[in-house]
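Each chain, letter by letter, is given below.
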Amino acid sequence: MNNFPSPAADPTADLRADLTGAFGLPAWGSRLRVGTSIALNFGLPLPDKARRGQWRLSTYYAAWRIETPHAVLAGSEDSREEMENGVATLEGKVLLDSAVETPSLSAIFFFADEIRLRTFCYTREEDHWALFRPDGMVRVAGSGYAWIFEEA
């Protein structure tokens, strides 16, 4: 397990490395889960978990917003229907890039058609979001300002 911050840590570079194989792939199985958490999959479905892709991005205890340069499509404080509609706009959109802000570990995931999923990490006690990789490893932002890379 590697915790952030360290002198050599670069969360944006780490996340881009984690997502290299997912860049250029469309999101699928995009759904609002319990509360305001989101699940997005990329790549082929896992043989033992048909509803989970090789890469899976999950938000947990983070506020989020889905936006374009000109409009907010949905946010985690909207009605359930508005959140579901916003998350549905990510379905089939190709993942292009990502970035992580320090020290909060809030993140931005860039999709085709200038759509962005932006997270806002606001708790010290819980994980903010996690990226599950095809090799069985997971990148976790949180709790607090921990930048963790470990076995899923």
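Rules used in this analysis
Here the residue numbering is sequential within each chain, running from 1 through the sequence in written order. Only residues with pLDDT of at least 70 get local features here, since the model is predicted, and only at 80 or more are side-chain atom pairs given and counted; chain-wide, interface and lining totals rely on the full set of residues. For side-chain calculations, the full set of non-hydrogen atoms in the structure is used, while hydrogens and water are omitted. Strands are treated as partners if at least two bridges between them are detected by DSSP. Each helix is a run of H or I in the DSSP string that is no shorter than four residues. Each strand is a run of E no shorter than two, and both are numbered from the N terminus. To define axes, lines are fitted to C-alpha atoms, for helices over the stretch in contact only, and angles between the resulting N-to-C directions are given on a 0 to 180 degree scale. Here, two residues are considered to be in contact whenever any of their heavy atoms come within 4.5 Å of each other.

## What to know about the sheet that holds strand S11 (residues 147–151)
Taken in spatial order, the 6 strands make up an open sheet running S1-S2-S3-S9-S10-S11, and their pairing is antiparallel. Among the strands making up the open sheet, the edge pair consists of strand S1 (28–32) and S11. Between one strand and the next, the sheet's axes are offset by a mean angle of 30°, whatever the strand orientation. Sheet analysis places strand S9 (residues 127–132) next to strand S10 (residues 137–142), joined by 5 bridges and oriented antiparallel. Following the sheet pairing, Phe132 is matched in S10 by Val138. In this fold helix H2 (residues 80–88) packs onto S1 and strand S2 (38–46), with an angle of close to 160° to the strand it touches most, S1.

## Regarding the sheet that holds strand S5 (residues 72–75)
The strand order across the open sheet built from 5 strands is S5-S4-S8-S7-S6, with neighbouring strands paired in antiparallel fashion. Sheet topology places S5 and strand S6 (95–100) at the edges, where each strand pairs with a single neighbour. Put simply, the sheet's adjacent strands are angled 15° from each other on average, direction ignored. Pairing between strand S7 (residues 107–111) and strand S8 (residues 115–121): 4 bridges, direction antiparallel. Within S8, the position partnered with Phe109 by the bridge is Leu117. Helix H1 (residues 11–19) rests against S6 and S7 of the sheet, and its axis sits at about 150° to S6.

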